[in-house]
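Given next are the chains, with one letter for each unit.
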Amino acid sequence: MILFGAVMGGICCFLMPFAGSLTAMIIIWAANGFFQSMLWSPILRIYSEMINKKLKKRAILDISLSLPVGTVCAYLASTLIIKYFKWHYVFVCGSICIFLAALFVFSVYLYSKKDIVKRRICTAEITDKNDDNGKRGFFLLHWPAGCLLL
């Protein structure tokens, strides 16, 4: 979902300079917003499920700072691009940045694929363990502890 949203958002940004009318720009930008909205939910889920408890406070700070820092950097970069080039290049450069981020996400996924599969199998083992009544007990949900902690 993250990769799809990023790639499609990058395509929308790339198409923006080629829009021939205001209506086309509105449609492309709305599609961009839709695809970009696919990013935050899975990223926050990864943060909540996969990050070690010791690193969570730092990770929450990092993710909280990413939006304002990214916005300021985007505004500064956009200002410089518009100063020296046409406004069209703001969207082209933005799409290149999004494609590079998508490539990074894909490479991280390929690198950590084995760990993700191991985590899912371990979680599946926990949910398969039921007591005699078919209800999961509190302690069964936390067994084995090594599966829940990274």
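In this text the structure is predicted, and so the values were computed from the model without any measurement.

Moving on, we get to the pattern of salt bridges. Counted according to the given criterion, the structure contains one salt bridge. Residue arginine 58 pairs with aspartate 62 through a salt bridge whose shortest N-O separation is 3.3 Å. With arginine 58 and aspartate 62 both in helix α3 (residues 53-84) and four residues apart, the pair spans about one turn of that helix. For arginine 58, a relative accessible area of 54% corresponds to the exposed category.

Packed helices, taken two at a time, are described by the angle between their axes plus the distance between the axes. Between helix α2 (residues 22-50) and α3, the least distance of the axes is 10 Å, while the angle of their chain directions is 165°. On the basis of their axis angle, the class for α2 and α3 is roughly antiparallel. With respect to the hand of their crossing, α2 and α3 are arranged in right-handed fashion. For the pair formed by α2 and α3, the contact residues are Trp40, Ile43, Leu44, Tyr47 and Ser48 on the first element and Lys56, Ala59, Ile60, Ile63 and Ser66 on the second.

Now for the nonpolar core. In this structure, Cys12, Met16, Ala19, Ile28, Phe35, Met38 and Phe91 together form the largest nonpolar core, which totals seven residues. Ranked by residue count, the leading element in this core is α2, at three residues. Each residue touching cysteine 12, except ones within four places of it in the same chain, is listed here: Ile28, Ala31, Asn32 and Phe35.

Mean pLDDT for the protein chain: 80, with 76% of residues reaching 70 or above. By mean pLDDT, helix α6 (residues 145-148) is the weakest element of the protein chain at 43, and helix α1 (residues 2-15) is the strongest at 93.

Where α1 contacts α2, the two axes come as close as 8 Å, and the packing angle between them is 155°. Between α1 and α2, the interaxial angle falls into the category roughly antiparallel. Considering only the axes of α1 and α2, their crossing is left-handed. The segment α1 lies against α2, with Ile2, Phe4, Gly5, Ala6, Met8, Gly9, Cys12, Cys13 and Leu15 engaging Ile28, Trp29, Ala31, Asn32, Phe35, Gln36, Met38, Leu39, Pro42, Ile43 and Ile46. When grouped by side-chain class, the residues that make up the contact of α1 with α2 number 16 nonpolar, four polar and no charged.

Rules used throughout
Residues numbered from 1 in each chain as written. Predicted model: local features only at pLDDT ≥ 70, side-chain atom pairs only at ≥ 80, totals over all residues. Heavy atoms only, no water. Salt bridge = Lys/Arg side-chain N within 4 Å of Asp/Glu carboxyl O. Helix = DSSP H or I, 4+ residues; strand = E, 2+ residues; numbered from the N terminus. Buried < 20%, exposed > 50% of the residue type's maximum accessible area, 1.4 Å probe, protein only. Axes fitted to C-alpha atoms, helices over the stretch in contact; angles between N-to-C directions. Parallel < 35°, antiparallel > 145°, perpendicular 65-115°, else oblique. Left-handed = near helix turned anticlockwise from the far one by under 90°. Contact = heavy atoms within 4.5 Å. Core = buried A, V, L, I, M, F, W, Y, C linked by side-chain atoms within 4.5 Å. pLDDT = per-residue confidence, 0-100. Nonpolar A, V, L, I, M, F, W, Y, C, P; charged D, E, K, R; others polar.

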